[in-house]
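Okay, here's what each chain looks like letter by letter:
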Amino acid sequence: MELSIIVAVGHNNKIGYEGRLPWHLRTDIRHFKDITSKHTIIAGRKTLESFQTIPLPDRTNIVITRNNNFSHPGILVAHSFEEALRLVPGTENKAYIVGGFGIYAQALAYADRMYFTEVDYNGPADTYFPKFNPHEWIVTPQTTPPQTEKDEYPFQFVIYDRKKAV
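Residues numbered from 1 in each chain as written. Predicted model: local features only at pLDDT ≥ 70, side-chain atom pairs only at ≥ 80, totals over all residues. Heavy atoms only, no water.

Draft legend 1. Structural context of the side chain of Thr27. Among the secondary structure elements, Thr27 is positioned in helix H1 (residues 26–36). Here the side chain of Thr27 touches Asp151 through a polar contact of 2.6 Å, side chain to side chain. (Helix = DSSP H or I, 4+ residues; strand = E, 2+ residues; numbered from the N terminus. Polar contact = N/O pair within 3.5 Å; in protein donor to acceptor, adjacent residues only side chain to side chain.)

What follows is the structure, encoded as structure tokens:
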């Protein structure tokens, strides 16, 4: 299974403010949907609850929570990162970590690839993407579609692939 992180980050690795994304990028929402559809997503409970639609359609949704009483129709519940990985269907060849900070921090050691949307945002934030060693990754800038009037800030798509051990 290929495990990927997908995240939008502003300057200084900003990813959230007051429980939500600090920007609205319609093009990035479509990009996220295109990449994750037909696959498994793994999210922390607060991240999952921040989505407008729960569960996200056309995906296997796994939530990691410490709450033993949490349940929601259409959502698989795990109480640890490792348990979440075991819940990924055996036929699935890709799974995507979609946040938040704590889940990203745990996933960094396992991820094969990271899909970054780098947002030209320098406003307030209270949640940040965890620090990682850039020397462990090969960076591939992607072609970014033109910004539309429904994209609040300029952005670019970048893929990080973990360097293979020699």
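Draft legend 2. Quick peek at the pairing of strand E7 (residues 113–119). Counting buried residues along E7, 5 of its 7 residues qualify, which places the element largely inside the surrounding structure. Where strand E1 (residues 2–9) lies against E7, 6 bridges are found, and the strand directions are parallel. Each bridged residue has a counterpart across the sheet, and for Ser4 the counterpart in E7 is Arg113. Sheet topology note: the E7/strand E10 (residues 155–162) ladder contains 7 bridges and is antiparallel. Opposite Phe116, over in E10, you have Val158 as the bridge partner. (Buried < 20%, exposed > 50% of the residue type's maximum accessible area, 1.4 Å probe, protein only. Pairing = 2+ DSSP bridges.)

Draft legend 3. The sheet that holds E7, seen in detail. If you walk across this open sheet you meet the 8 strands as E5-E4-E3-E6-E1-E7-E10-E9, and the pairing is mixed. The sheet is open, and its two edges are formed by strand E5 (75–78) and strand E9 (137–141), each paired on a single side. Neighbouring strand axes in the sheet, compared pairwise and without regard to direction, differ in orientation by 25° on average. In this structure, strand E3 (residues 40–44) lies alongside strand E6 (residues 94–97), joined through 3 bridges in parallel fashion. Counterpart to Ile41 in the pairing with E6 is Tyr96. (Axes fitted to C-alpha atoms, helices over the stretch in contact; angles between N-to-C directions.)

Read these as layout, nothing more, since geometry by itself doesn't imply function.
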